[in-house]
Amino acid sequence: MKRIFNKVDKPLLILTFISLIFGLMMVGSASSLKAYMTHADSYYYFKRQLLFIIAGLVGGFIILRIPIRSYKKLIYLGIIGVIGGLIYVLVSEKVMNGIKGWMFIGSFGVQPSEFAKTVLIVYLALAYEKLMKIKNLSNVRKVLPFAVALIFIFLIFQQPDFGTMMILVGITGVIFLIVPFDNKTKLVMVSFTIISVLILVIVMLLTGKGFSSGQKGRFNFTNPCTRYREVTGYQVCNGYIALNSGGLLGNGFGNSKQKYLYLPEAHTDFIFPIIIEEMGLLVGIGIIISYFIMIWRILLIGKKSYNLQGTIICYGVAAYIALHVMVNLGGVLGVIPLTGVPLPFYSYGGSFMINLLVCLAFVQRVCVENKIFEQKHLVR
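In what follows, the accompanying structure is described. Remember, it's a predicted structure, so these values are computed and weren't measured experimentally.

1. Observations regarding helix α3 (residues 44-65)
The α-helix winds at 3.6 residues per turn, so residues separated by three or four positions along the chain end up facing the same way. The terminal C-alpha atoms of α3, which comprises 22 residues, lie 32 Å apart, in line with the 32 Å expected from a rise of 1.5 Å per residue. The set of residues buried in α3 consists of Tyr45, Arg48, Gln49, Phe52, Ile53, Gly56, Gly60, Ile63 and Leu64. Along the long axis of α3, the arc covered by the buried residues comes to 150 degrees, so they all point the same way.

Following this line, the structure appears as structure tokens:
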């Protein structure tokens, strides 16, 4: 294991652990009152988040030791499992926040849609590593792997979880651009996708199909403080109050006022305003800079990858993190509608945290395999 550790990307690893520790602290602070009121334990969400992090690290440790090519057969079980899970949540009719996206194992909720992101990235990486080595490949076979993405997107659309659906669309789009198709194939596919998305959006807006009543209201997201007493403005406006009251240096760890039930989702979707309120704008800017550095390191590993498989994994994970950051902060700042998308490392959530760490482990495994390849090449 020591030999593998020596080959991982150290800046990315250090940044990951710093983000995990600080994020865990902020979840504990932001959730303390709600945890005490609902579970009589101020550390309830803190302890659960710690458990999720440990589970993700254990999964990541396992992935770091296994060559990526070993997942060629297992990935199909992952696809079947995700599709089965997505169908199950639709049939079970258990609704949370207007979405049929959860299945429960005891007191733990699992979101199959989160696992869909990880499975999709790894599947497309493995599929195109093999396909692009085949000569005279037909256009149909070139784009056939994306059928898995369409199935995932369609099932998530039925929940309806618009935020997760759009992130999957974004990840799929980035990977499509990475695969070395000829220009004609890319032009046809991009045109088809743009037209399809436009038609889908127009149909959804005209008919309202695909949105719950609560989700429709989220499209009324501008000037939220003029609707402070309404559902469409209350949460974002209180987020603004938290952001404003924090100033440059914040009010001190644990001293947020907005977490006292003004922000109903203080430890999940709206964790960033709580961070600013307690730790200040400078810390918030530091978090955003850390995301840029992390994504840059991931892209650098992907660029140095000796095969298409590694490049797709790295660029897919970079898109995964970047889209989550943009969609979460965009919703919190009132730039786009709220979608319930978590902020990487900081929002409370099991399925997302575990998958995030698994994805980063795959990136580190790409880095390890790159260095093993370089060493063999030098020996020769």
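2. Here we look at the pattern of salt bridges
With the rule as written, the count across this model stands at six salt bridges. Among the ionic pairs, aspartate 41 bridges to lysine 47, the shortest N-O distance being 2.7 Å. Linking glutamate 369 and arginine 365 is a salt bridge whose minimum nitrogen-to-oxygen distance equals 3.0 Å. Taken as a pair, glutamate 369 and arginine 365 lie in helix α15 (residues 350-379) at a separation of four residues, close to a single helical turn. Among the residues examined, glutamate 369 registers a relative accessible area of 10% and is labelled buried.

3. Looking at the packing of aromatic side chains
Any two aromatic rings considered together are summarised by their centre-to-centre distance and by the angle between their planes. One pass over the structure, following the stated rule, counts 14 aromatic pairs. Summarising the aromatic geometry, the rings of phenylalanine 22 and tyrosine 346 are spaced 6.0 Å apart at their centres and angled 75 degrees between planes, so their arrangement reads as edge-to-face. On the criterion of sequence distance, the pair formed by phenylalanine 22 in helix α2 (residues 10-39) and tyrosine 346 in the loop between α14 (308-332) and α15 is long-range, its members being 324 residues apart. Taking relative accessible area as the criterion, phenylalanine 22 reaches 16% and is therefore assigned buried. A centroid spacing of 5.6 Å and a plane angle of 85 degrees characterise the contact between tyrosine 128 and phenylalanine 181, whose relative ring orientation is edge-to-face. With tyrosine 128 in helix α5 (residues 112-131) and phenylalanine 181 in the loop between α8 (162-178) and α9 (183-207), the pair connects residues that are 53 residues apart, well separated along the chain. Phenylalanine 181 carries the same exposure label as tyrosine 128, and that label is buried.

The rules behind each value
- Residues numbered from 1 in each chain as written.
- Predicted model: local features only at pLDDT ≥ 70, side-chain atom pairs only at ≥ 80, totals over all residues.
- Heavy atoms only, no water.
- Helix = DSSP H or I, 4+ residues; strand = E, 2+ residues; numbered from the N terminus.
- Expected span 1.5 Å × (residues − 1).
- Buried < 20%, exposed > 50% of the residue type's maximum accessible area, 1.4 Å probe, protein only.
- Arc of directions from axis to C-beta.
- Salt bridge = Lys/Arg side-chain N within 4 Å of Asp/Glu carboxyl O.
- Phe/Tyr/Trp six-rings, centres within 6.5 Å; stacked < 30°, edge-to-face > 60°.

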